[in-house]
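# Coordinate inspection notes
The chain contents come next:
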Amino acid sequence: MSENIPELEDDTGTFESGLPGFLGTIDGWIANAEAVILAAGIILMAINTCVNVVARFVFGEGFFFSGEINRILIILVTFAGIGYAARYGRHIRMSAVYDALPTKGRKVLMIFIALFTSAVMFFLCYHSYGYIETLYSRGRILPALGFEIWWIYIWVPVGFAVTGIQYFLTAIKNFTSEDVYLSTGVVDGYADSESEV
Amino acid sequence: ANWRYAHEEYEGDVQDVYAYKFKEYIEDNSDHTLQIYRFGELGESDDIMEQTQAGILNFVNQSPGFTGALIPEAQIFFIPYLMPTDINTVIEFFRESKAINEDFPKLYAENDLELLQMYPEGEFVITLDEPVTTPEGMKNKKIRVMTNPLLSETYSAFGATPTPLPWGEVYGALQTNMINGQENPIFWIESGGLYEVSPNLVYTGHGWFTTAAMANKNFYDGLPKEDKKLIQDAADYAFEKIITHIDGLADEALAKIQAASDEVTVTRLNDEQIEAFKARAPQVEKKFIEMTGQGGKDLLNQFKKDLEDVQKN
Amino acid sequence: MATILMLIMIGLLLLGFPMMIPLTTAAVVGFVMMFDGFGQMGTFIQQMMGGIRPASLIAVPMFILAADIMTRGQSADRLINMVMAFIGHIKGGLAISTATSCTLFGAVSGSTQATVVAVGSPLRPKMLKAGYSDSFTLALIINSSDIAFLIPPSIGMIIYGVISQTSIAELFIAGVGPGILILFMFSLYCLFYAYKNNVPTEPKASWRERAVSVRDASWPLFFPVIIVGGIYGGIFSPTEAAAVCVLYAFLLEFIVFRSLKLGEIYKIAKSTGLITAVVFILVAVGNGFSWIISFAQIPQAILESVGVNEAGPIGVLIAICVAFFVACMFVDPIVVILVLTPIFAPAIQATGLDPVLVGVLITLQVAIGSATPPFGCDIFTAIAIFKRPYLEVIRGTPPFIIMLIVAAGLIIAFPQIALFLRDLAFAD
Ligand code: NA
Ligand code: NA
């Protein structure tokens, strides 16, 4: 649980897309959708589980599909969240060696990290799409809810693609500006920049 | 070649014994080798099935209960009192049944799987917080079931309250009385220590835990004739070994349980008591046909006919 | 193959890649080596999905959410005030209160991170003002928060329980004894430190003030009662207990204390969701990685070459402790549990070790390793939260690490420290 979260304050307010024009507008929508999925997903998990406990305790019978709903919510939250975390530079990383480098070195390394990470994300996006296709062709169903299982993975390639785009934009941002950026909107550094948080 | 085989149980369990007998035959009678993966090594039941379909694994052993999400008809084994109780009749049934030996291979083939062998693992035993002999006694009993609608229907029909729960939480839930009981073959009740927390064993005779060994169909179809024969012979060899293995296994497990605990009670329902439970079965059959349509209906009829045939002998 | 994967992992990790990348890259290279190309990547995706499939994983976001609500509201402060009112005045009282508050908050929260924030934020300024050095204060906060990892509920135990199929309820209760043992050791050290550095004592609270503090803290003190009572009373499973905690935290902060406004639940849930996602993507990728090393039979090969199977139970326990401790000095604890647990599972089974005891020891090692230089992740959490330089944060840690290692040794020598309560609760 080593995520570098300075405070529990909400510092993920409004998101400014790094993409130009119409693409930026769409990206902004996706960012909003991700935020809503994150919050709603967590709240629904709590409600779904509590309702199941109460139903079992009071009426003696829980809901058959409660577990499957939580499973779907976990997938949604995870894959909406990886894109969102990339937007705000929140992915867990071990930055000790990186931090010891001078600014120039950090910048070069960050461009490399961002490009490589972006490539890996698009790779996973492609293969997760392929996985969904395979599931679609096999027609496996969710035992309790009864609909086909590939539905619950739809946000997976989207999450990878969004994350890949964000890291790609981070690389560009580092190319075009003076500071070192962890994500398109987050300047790197916690040791020397108290004012920033 | 080195072939890969995954099953869904632990070391020494029935599927593991079957797998190693299968391996023994293959390796003794050819230059091929067989790598066996046990439960959890490559994921859960659904995972190893998908990996077999993808061709990463050549062989997989999966219980039809789990295959239900892929082949709805495979849930037929959850219909109570469809199979005989006596072990010799059951084995006879697996040898002779047209449903098992002709109809099921076709269903599996539609899903890129070559069904090699279906075999019984053991009779289902219900463990409960008190000995129960009637459907009325099952009222309000929360019984753990796998997430499988037909199995749920069976326990609803029996008068109990089916409660889906992952296997990992069963022991704890029994201990804290979150649930009142569960069903499993007796050797699992013994190896999982479930009798410690749910000591009243009830033999209802309502079904056998059945499982199936199969191969990836592309892999199998692409093999030369002698390899196909080798695999079929290995499956038959392992089947013969497994039926002698399970014969007496149940008694051994029960003896171990009774030696380990004084609290355990054993209730075997008599014919009259069984009739009361049996009377609830049609409800489950109806649900099965609802879920599987005409194909399921035909399979069910074939099953019943096969059953009559073996019981005549 | 094992060596190549290790080099890729450690190399990319040290360069500062997001932690999912070293794991993914190593896994993909493993797939390519095993299957001569990218043809079976679908199985990697399948195993990623399999990693986040267990329904019991929802306990992670639920405990984070509950802790977050309590930290932003008043529950955390009320608990701290109560501890202060009773032991703030004795020699080293402020430091002992900090350790005790971490333990107590650990009983309502599942995460180390939340405990550092909840207890460290209000108490660190007080300790500095009272004359404790900052390096001692930081080390105390970091290491005491690790007690929260042992005291139920614990996210580390949930992840271990899910992976090793061990009863989470038993793990929870077995963590209590070691947690209290460590609190006791830390308190002795605080006392020693306060005498040696002659730290002045705080004014003593009156019994009236104490009574008020207990009354104020009574609502949040009810948390452990709900968790323990609910689980052992058969009302809900340990997983569901987490969601019930959220419900209770919500009732307290939004209705009883009225310290938060309803609109804030969206923000809090979003923040929880974000933390959940960055952890769960690692759970997913970690499962994909563990699939390929399992498929290639690497764990079996490593354990055989080390000779663990012949080492006997104590040897296996020590091997586990060392492996987890060292790994956590470099990598996130969740990832370590995910990757190493399956590797040791055969040895644990073969030696007949109690998986609950193993779980407690692993949780402890993970906590110690996370607070240990060079790269223990708690150190970086503290740097981020308190904005202090690396060296200052690690300077005070050695005595705490030594105490924790002694505690681990004691648990190996006397397993009853962990198992006593478990055996009591689950006696037939
Ligand atoms: Na805790
Ligand atoms: Na795994």
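Just so you know, these numbers come straight off a predicted model, no measurement behind them. (Residues numbered from 1 in each chain as written. Chains lettered and ligands numbered in written order. Predicted model: local features only at pLDDT ≥ 70, side-chain atom pairs only at ≥ 80, totals over all residues. Heavy atoms only, no water.)

Before going further, it helps to examine the overall build of chain B. Each helix and strand counted, chain B has 13 helices and ten strands in total. Taking 2.2 N^0.38 as the reference for a compact globule, 313 residues should give roughly 20 Å; the C-alpha atoms of chain B span a radius of gyration of 19 Å, in line with that estimate. When the backbone C-alpha atoms are referred to their principal axes, chain B occupies close to 55 × 45 × 35 Å. Classification of the 313 residues of chain B by burial places 60% in the buried group. In chain B, the proportion of contacts linking residues at least 24 apart, taken out of those at least 6 apart, comes to 74%. (Helix = DSSP H or I, 4+ residues; strand = E, 2+ residues; numbered from the N terminus. Rg over C-alpha atoms; globule rule 2.2 N^0.38 Å. Buried < 20%, exposed > 50% of the residue type's maximum accessible area, 1.4 Å probe, protein only. Contact = heavy atoms within 4.5 Å.)

The secondary structure content of chain A amounts to five helices and two strands. Shown N-terminal to C-terminal, the secondary structure of chain A runs as helices and strands in the order α-α-α-α-α-β-β. Per-residue burial for chain A yields a buried fraction of 53% across its 197 residues. Expressed as a percentage of contacts within chain A between residues at least 6 apart in sequence, the contacts between residues at least 24 apart total 70%. Counting only carbon and sulfur atoms, one obtains 67% of the accessible surface of chain A, whose full area is about 8,600 Å². (Areas by Shrake-Rupley, 256 points an atom, 1.4 Å probe, with all protein chains shown as cover.)

Right, let's get into the UniProt feature "transmembrane region" (unreviewed entry) in chain A. All names here are of chain A. Residues given the UniProt feature "transmembrane region" (unreviewed entry) here are residues 35-57, 69-87, 108-129 and 149-169. Secondary structure across residues 69-87 divides into 100% helix and 0% strand, with the first and last C-alpha atoms of the span separated by 27 Å. As a span, residues 149-169 carries 71% helix and 0% strand, and end to end its C-alpha atoms are 33 Å apart. (UniProt positions renumbered as here; feature names shortened; annotations may be inferred.)

With that settled, the discussion passes to the environment of Thr372(C). Residues and elements named next belong to chain C. Residue position: threonine 372 is located in the loop between helix H17 (355-370) and helix H18 (377-386). Judged by relative accessible area, threonine 372 falls into the buried class, the value being 8%. With 20 residues separating them along the chain, threonine 372 and glycine 352 place their C-alpha atoms 30 Å apart. Setting aside residues no more than four positions away along its own chain, threonine 372 makes contact with Phe325, Met329, Ile379 and Ile401. At 2.7 Å, the side chain of threonine 372 forms a polar contact with the backbone oxygen of isoleucine 368. (Polar contact = N/O pair within 3.5 Å; in protein donor to acceptor, adjacent residues only side chain to side chain.)

What follows concerns the interface of chain A and chain C. Facing 64 residues of chain A, the contacting portion of chain C comprises 72 residues. Summed over both sides, the interface between chain A and chain C buries roughly 6,200 Å², with carbon and sulfur atoms accounting for 77% of that surface. Inspection of the chain A/chain C interface yields one salt bridge. For Glu240(C), the salt bridge identified is with Arg56(A), shortest N-O distance 2.7 Å. Taken together, the links from chain A to chain C amount to three residue pairs in polar contact (both at pLDDT 80 or more). (Buried area = accessible area lost by both parts, 1.4 Å probe. Salt bridge = Lys/Arg side-chain N within 4 Å of Asp/Glu carboxyl O.)

Counting 331 residues, the largest nonpolar core has Phe79(A), Phe22(B) and Phe104(B) as its most contacted members. Broken down by element, the residue count for this core peaks at 18 residues, all from helix H13 (residues 264-295) of chain C. With sequence-adjacent residues up to four places away left out, Phe104(B) is seen in contact with Glu73(B), Ala74(B), Ile76(B), Phe77(B), Ala99(B), Leu115(B), Met118(B), Leu299(B) and Phe303(B). (Core = buried A, V, L, I, M, F, W, Y, C linked by side-chain atoms within 4.5 Å.)

This part takes up the side chain of Arg87(A). Residue and element names in this part refer to chain A. Take arginine 87: it is sitting in helix H2 (residues 66-87). Within the structure, the side chain of arginine 87 is placed 3.2 Å from the side chain of aspartate 27, a separation counted as a polar contact. Aside from chain neighbours lying at most four places away, what touches arginine 87 is Phe15, Asp27, Ile30, Ala31, Glu34, Val162, Gln166, Ser183, Thr184 and Gly185.

The next subject is the packing of aromatic side chains. Per the counting criterion, the structure on display carries 49 aromatic pairs over all chains. For the ring pair Tyr25(B) and Tyr237(B), a centre distance of 5.2 Å and an interplane angle of 40° mean the geometry is tilted. With Tyr25(B) in helix H1 (residues 14-29) and Tyr237(B) in helix H10 (residues 225-246), this residue pair connects regions lying 212 residues apart in the sequence. The exposure class assigned to Tyr25(B) is partly exposed, which follows from its relative accessible area of 21%. An angle of 85° between the planes, with centres 6.0 Å apart, marks the rings of Phe93(B) and Phe94(B) as edge-to-face. Overall, the relative accessible area of 0% leaves Phe93(B) in the buried class. Clustering of aromatic rings is evident, with ring pairs tying together Tyr132(C), Phe136(C), Phe186(C), Tyr189(C), Phe192(C), Tyr193(C) and Phe400(C). One cation-aromatic arrangement involves Arg268(B) over Tyr203(B); the distance from NZ or CZ to the ring centre is 4.1 Å. (Phe/Tyr/Trp six-rings, centres within 6.5 Å; stacked < 30°, edge-to-face > 60°. Lys NZ or Arg CZ within 6 Å of the ring centre and 35° of its normal.)

In this assembly, 19 residues from chain B lie in contact with 13 residues from chain A. Three residues, Glu50(B), Ala69(B) and Thr147(B), lead the burial of chain B against chain A; their summed loss comes to 36% of the area buried on that side. The interface formed by chain B and chain A includes two salt bridges. Arg140(A) is the partner of Glu50(B) in a salt bridge, and the nearest nitrogen-oxygen pair spans 3.5 Å. At the surface where chain B touches chain A, the tally comes to three residue pairs in polar contact (both at pLDDT 80 or more). Per-element tally for the side of chain B that touches chain A: the top contributor is helix H2 (residues 45-53) of chain B, with four residues.

Residues and elements named next belong to chain C. At a closest axis distance of 9 Å, the pairing of H13 and helix H16 (residues 333-351) adopts a crossing angle of 25°. One element, H13, and the other, H16, form an angle in the roughly parallel class. When the axes of H13 and H16 are compared, the crossing they make is right-handed. Contacts between H13 and H16 involve Val279, Leu282, Val283, Phe289, Ser290 and Ile293 from the first element and Ile334, Val335, Leu338, Val339, Pro342 and Ile343 from the second. (Axes fitted to C-alpha atoms, helices over the stretch in contact; angles between N-to-C directions. Parallel < 35°, antiparallel > 145°, perpendicular 65-115°, else oblique. Left-handed = near helix turned anticlockwise from the far one by under 90°.)

Contact pair helix H4 (residues 103-138) of chain A / helix H2 (residues 20-35) of chain C: the axes reach a minimum separation of 11 Å and the direction vectors enclose 55°. Relative to H2(C), the element H4(A) is oriented oblique. Relative to H2(C), H4(A) is oriented so that their crossing is left-handed. Touching Phe116(A), Thr117(A), Val120(A), Met121(A), Phe123(A) and Leu124(A) of H4(A) are Met20(C), Ile21(C), Thr24(C), Thr25(C) and Val28(C), all from H2(C). In terms of residue class, the contact of H4(A) with H2(C) is built from eight nonpolar, three polar and no charged. (Nonpolar A, V, L, I, M, F, W, Y, C, P; charged D, E, K, R; others polar.)

All names here are of chain A. Together, Leu44, Ile47, Val51, Phe63 and Phe65 give the surface a local cluster of nonpolar side chains, amounting to about 410 Å² of exposed area. Summarising the element assignment, phenylalanine 65 is placed in the loop between helix H1 (21-59) and H2. For phenylalanine 65, a relative accessible area of 34% puts it in the partly exposed group. (Patch = residues over 30% accessible without salt bridge, like charges linked within 9 Å, V, L, I, M, F, W, Y side chains within 5 Å.)

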